[in-house]
Amino acid sequence: MIIQANGGNIMINVKEVLGKLRDILSPDFQVTRIDRNGRHIYIETSSQKLLDAAKFLLDIDGRLIHVTASDLGFRGIKLLHVYSFDHLVKNLHLILYAILPRDNPVAPSTASLTYQSNWAERETMELMGVKFENHPDPRHIFLPFEWPEPVESSKEWKTVKLERNVILPIGPYHPALIEGGYFKIKVDGEDILDVDIKVGFNHRGIMRLAERRSFWKNVFLVSRVCGICNICHPLAYLNAVENLFKIDVPDRAKYIRTLLAELNRIHSHFLWLGVAGELIGFKTLLMWTWKARELVQDCVELITGNRVHMDAVIIGGSRIDLTDEMINKVREKLLAFKSQAERIIDIVYDSGLVRKRTENIGVLKLPEAKNAGIVGPTARASGWKIDVRKDSPYDAYGDEYTSWDVVTDEGSDVLARVIVRCKETLVSIDICMQCLDALKRVHGPIIHKERFEIPEGEAIGKSEAPRGELLYYIVSNGTINPHTVRIRTPSYRNIAALKYMIPGYTLADVPIIIGSVDPCFACTDRVIIVDEKHGKKQVMSYDLFLKKYLKRR
Amino acid sequence: MLKALKEALSALSKPVTITYPAGGPEEKYSQVPKGLRGKPQFDDEKCIGCGACTVQCSSGADTYHDEGELRILEVKLSKCIFCGRCQEICPEDAIKLTTDFELANNVKGQLIVRLELPLFKCENCGTPITTERQLNKIEERILTQINAQIKDIAKEDLSKYLHLCKNCRRKLSYKLNIHTRKHYLY
Amino acid sequence: MSFILKALIITLIGFILGIILTFEIRKVFARAQYRLGPLTSVYPELKALLGSTRILQPLYDVLKLFYKETIIPQTTSKILFIISPVISLLLSVFSLYFVSFGGFSVFANRDHSLIWLIYVLIAITIFWLIGSASSSSPWAIIGTRREAELLFSIEFSLLISAFSIAIISNSLSIQEIVYAQREFLPFILVNPMAAITFLLSILGKLRLKPFDISEAEVEIVSGPCTEYSGKLLGLIYLSKYFMTVTLVAFFIDLFLAGGQISNFTLLNVITFIILTLIVTFILSLIHALMPRFKIDQAFKWVLTRMWPLSIISLIFSLIIRSLGVV
């Protein structure tokens, strides 16, 4: 059987899955590339069969982590579905693709089966012009809704006769928003009925810029996608590139990369803890956590020379080396940080008012969580044990280098997410100490020195950002510049899943629910429509809302 | 609540604010670590104008162009991302990243570093080849590192071919019948 | 001394004390967070720029606001918008005359000065709410609704605890209450439950955490004060400074014998000032250590914890009084 229950865990047999897939997809089934010791399997098929494959693979507990497309010139447009099975079998990914003709790129949509591919298909419709049939919500996602040639006119919003209304813009000039999105919340009194989300107001075009620079320069470009989680982007990119070029990283470089990644995770989680405290009014927690975090930033500045952008890794290894003196100083500072962090985490657990503000708020239980497609600590707080560092181990996270455990919690609410991130910080400090010990033992080169050629082909690479799972897809055509770079960040999935977490709670809970997902995107508009008389709703379409809003001034 | 109270009471007498410049006026920047990646310093004497740093520059801040008799190397510090790749690749160690991070300025011209190096012209036709210093350095490097037996032959060849541009060199090798292409034509 | 002279002196004392107490609230809030806060003595290299002290920082804030332009939105009801902060300020100055500053007061020895004081305190908040409700901003409307809900719940417990003290001392005049404590014991030891509820009600009236719901920056921009700017905002700040002094002095008069431990006025005034500094320190520590309530949680908490406690303290003082202990 394909799915076997083995003492409570689900296992799958790779050969049988491929056999069943061959039966479903025949005659359009061809395995074109196998990577990573047979665990990244690329299968070419036709566009109509993608939907049948989706039904089968989602049934056996696969995760559809991205839908994207790459332009192959006169040969057509290559549409990819990336499925990840690495919570069942380590490293296993099935990548199904179909080559669509350029003059009529039509493909069936999988967004009706699962919410996971909703945003990815809308993005592909805009970027590449692929038309998806039967998509439940075919509006623009990065461009404005009413951009010339809207994808399809949305019939969702209608005007209703209204008596009195008050419009509340929590817009770009709000003191609460550090970074925001466009949340269109349908409100009835103080209770929230529905929410609509739009992003894309700070789209910088990094995927296009990366196609004009060489593989080596892209490491620095990609590190500037995000300032807080800024070493996990190069690490995911390097996982993909080193897969493609088939080069190995020496051991000492692996430990250095892991040390920097864990320092990044510690500082990001403590920054988040402060911001979450501010969102419920606990300003003192903000100051205490950010003070403790300065010790970690001092460590990073000591090792790499900069507090924010580390610029410390390169293809084949790392650019910096640690001396013994540096190791001793970093260990001292981490121990001082650990005692402060434990005190602060105690205070957060003890405080009754923090519990009242965060318990049973923003609940997303496990079966819905799988459909909504959340990743990272948000998913681990719903009891789902997925973590890229254990499932597809890279650098020094494997069992033969360091030993540590994945943290999960059953609560599924905002309090569980706080607890998961606090515990993860303590686990990360442990991993850092193990790496520091190993760096005293293991000596050797820090970069791969042998010559290699740049082959043609494609590869995917993943890493675990502080916010979740980060995916890179790279296509190379043999020259020094890549042909296609596609990035899927974890906040892409978590913010889309806010649609299931916000309705049902009151207006005062909205900031902490959005903050608990740890969003990392750019600032825009947020509109709430509140009415004074209880029971009457007012729903507006976007252009009518603009007209009314402009008239009031 | 009690733990928070204890933390707050112990914090009353220990503020962590420090004055700027970090460390106080006596020890300026005492809290800045040695390895901080700040403004790159280009050494006028050591630079040979090879242009390796302009190929490696991640952000395109480092460019050069040839103008008349000079090769002008321009570095726009407002575009620099202080990654340090130029420092890694420079063959003469002419670039060093200092710890100077106070670069804010409201005159953009002050943020451009400019180096001017004289170009060497081909002895035959007069087109510029590259900078004088680079040619001298190439000659020096070859002569110090080459095998002692063929050193004299190398010296003679260098004096014949080094100071010609590649077109003139190609024509000269046809004339002397030593062009390698002839092996493919027959 | 004549009436008007006393009133002027007390206004001046109240103003200076208000600035010092607001400075102390901000300083302790900052110091509990490892920050410096406004400075009592400035660093030597900055003295030329800033002067030698920043202890009058709240005064500089108000003066800065008086220099700025007052913007009145077109859609407000102008008369109410402008008059309400002015009346609110006049009432908060008026409320100073009912408490005794270590024996020094204008109206504290009249009968029923306790009831007058409570009326004036409620009126200050209501006029402020009228002003914010007349501004046409949706933020102000949400803030006004939240503040009105809070006002209803907090005022009741303040009232009941004040009345339980009045029952123990058998008088409604503040000066008589102080004299009763001088003969017996400070009432904080006799009826500590009333003291606790009164202290928490002060947090609610001064809009300090955990009750700063109406000024929650994260959700509504500045709550009721959103549309105010310039001179009117300065008047609102000033009335808050005066209200701080009144409430802290009220607490000390009711529970700590008003600092009047002897017959010398000067010694009483000094003790009074020291006690205000201590009480403000405690208030500011609570302000620093707690997050913020949601409005429905605050309402439930006040109804289930503070109202029963204040009613119990009322019954307790009735029992004490009838047993003839005092």
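The structure this text deals with has already been given above.
These lines cover the structure that appears in this document, whether it is placed above or below. Worth saying up front: this structure is predicted, and the values here are computed from it rather than measured.

**Re the overall build of chain B**
For chain B, the count of helices and strands is seven helices and six strands. Going from the N terminus to the C terminus, chain B shows its helices and strands as α-β-α-β-β-α-β-β-β-α-α-α-α. Over its C-alpha atoms chain B spans a radius of gyration of 27 Å, topping by over 25% the 16 Å that the globule rule assigns to 186 residues. Considered along the principal axes of its C-alpha atoms, chain B spans approximately 95 × 40 × 35 Å.

**Focus: the overall build of chain C**
Counting its secondary structure elements, chain C contains twelve helices and zero strands. Order of helices (α) and strands (β) in chain C, N terminus to C terminus: α-α-α-α-α-α-α-α-α-α-α-α. Rg of the C-alpha trace for chain C: 20 Å, near the compact-globule value of 20 Å for 326 residues, within the 12% margin. When the 326 residues of chain C are sorted by exposure, 50% land in the buried category. Taking the contacts inside chain C whose residues are at least 6 apart along the sequence as the reference set, 79% of them involve residues at least 24 apart.

**Let's talk about the pairing of strand β6 (residues 77–84) of chain A**
Residues and elements named next belong to chain A. Most of β6 sits inside the fold, with seven of its eight residues counted as buried. Judged from the eight bridges that link them, strand β5 (residues 63–71) and β6 form a sheet pairing that is antiparallel. In the sheet register, valine 67 faces β6, and the bridge partner there is histidine 81. The turn linking β5 back onto β6 is made up of five residues, and glycine 73 within it adopts a positive phi angle of 75 degrees.

**Details of the interface of chain A and chain B**
Of the residues lining the interface, 13 residues belong to chain A; the matching set on chain B comes to eleven residues. The set of elements that each furnish at least two residues to the side of chain A that touches chain B consists of α5 (215–222), α8 (283–304) and α9 (324–350) of chain A. Considering every element that reaches the side of chain A that touches chain B, the biggest residue donor is α9 of chain A, with four residues.

**Topic: unusual backbone geometry**
Residues lysine 209 of chain C and proline 210 of chain C are joined by a peptide bond in cis, for which omega reads 0 degrees. As for its position among the elements, proline 210 of chain C is in the loop between α9 (192–205) and α10 (231–255). Residue aspartate 61 of chain A is not a glycine yet carries a positive backbone phi of 75 degrees. Relative to the assigned elements, aspartate 61 of chain A resides in the loop between α2 (49–59) and β5. One non-glycine residue, asparagine 134 of chain A, adopts positive backbone phi at about 65 degrees. For asparagine 134 of chain A, the location among the structural elements is in the loop between β9 (131–133) and β10 (166–169).

**Details of the pairing of strand β4 (residues 40–45) of chain A**
All names here are of chain A. For β4, the buried fraction is high: five of the six residues fall into the buried class. Here strand β3 (residues 30–35) pairs with β4 via five bridges, running antiparallel. Looking at the pairing, glutamine 30 lines up with glutamate 44 of β4. Taken together, the six bridges between β4 and strand β7 (residues 93–100) define a ladder with parallel strand orientation.

**Remarks on the sheet that holds strand β6 (residues 128–131) of chain B**
Residues and elements named next belong to chain B. In spatial order, the strands read β2-β3-β5-β6; together these four strands make up an open sheet with antiparallel pairing. Looking at the sheet topology across the chains shown, the edges are occupied by β2 (62–67) and β6. Averaged over all pairs of adjacent strands, the angle between strand axes in this sheet comes to 30 degrees, irrespective of strand direction. Bridging between strand β3 (residues 70–76) and strand β5 (residues 112–121) involves seven bridges; their strand directions are antiparallel. Following the sheet pairing, leucine 70 is matched in β5 by proline 118. Across the sheet, helix α4 (residues 132–145) touches β5 and β6, and the angle it forms with β6 is around 75 degrees.

**What to know about the nonpolar core**
Membership of the largest hydrophobic core comes to 235 residues, with the highest contact counts inside it found for Leu79, Ile95, Ala240 and Ile474 of chain A together with Val99, Phe251 and Ile252 of chain C. Residues in contact with alanine 240 of chain A, not counting those within four places in the same chain, are Ala459, Ile460, Gly461, Tyr472, Tyr473 and Ile474 of chain A. Among the nonpolar cores identified, the runner-up in size contains eleven residues, and Val75, Cys80, Phe82 and Cys83 of chain B belong to it.

Rules used in this analysis
- Residues numbered from 1 in each chain as written.
- Chains lettered and ligands numbered in written order.
- Predicted model: local features only at pLDDT ≥ 70, side-chain atom pairs only at ≥ 80, totals over all residues.
- Helix = DSSP H or I, 4+ residues; strand = E, 2+ residues; numbered from the N terminus.
- Rg over C-alpha atoms; globule rule 2.2 N^0.38 Å.
- Buried ≥ 20, exposed ≤ 12 C-beta atoms within 10 Å, placed from the backbone.
- Contact = placed C-beta atoms within 7 Å.
- Pairing = 2+ DSSP bridges.
- Axes fitted to C-alpha atoms, helices over the stretch in contact; angles between N-to-C directions.
- Core = buried A, V, L, I, M, F, W, Y, C linked by C-beta atoms within 7 Å.

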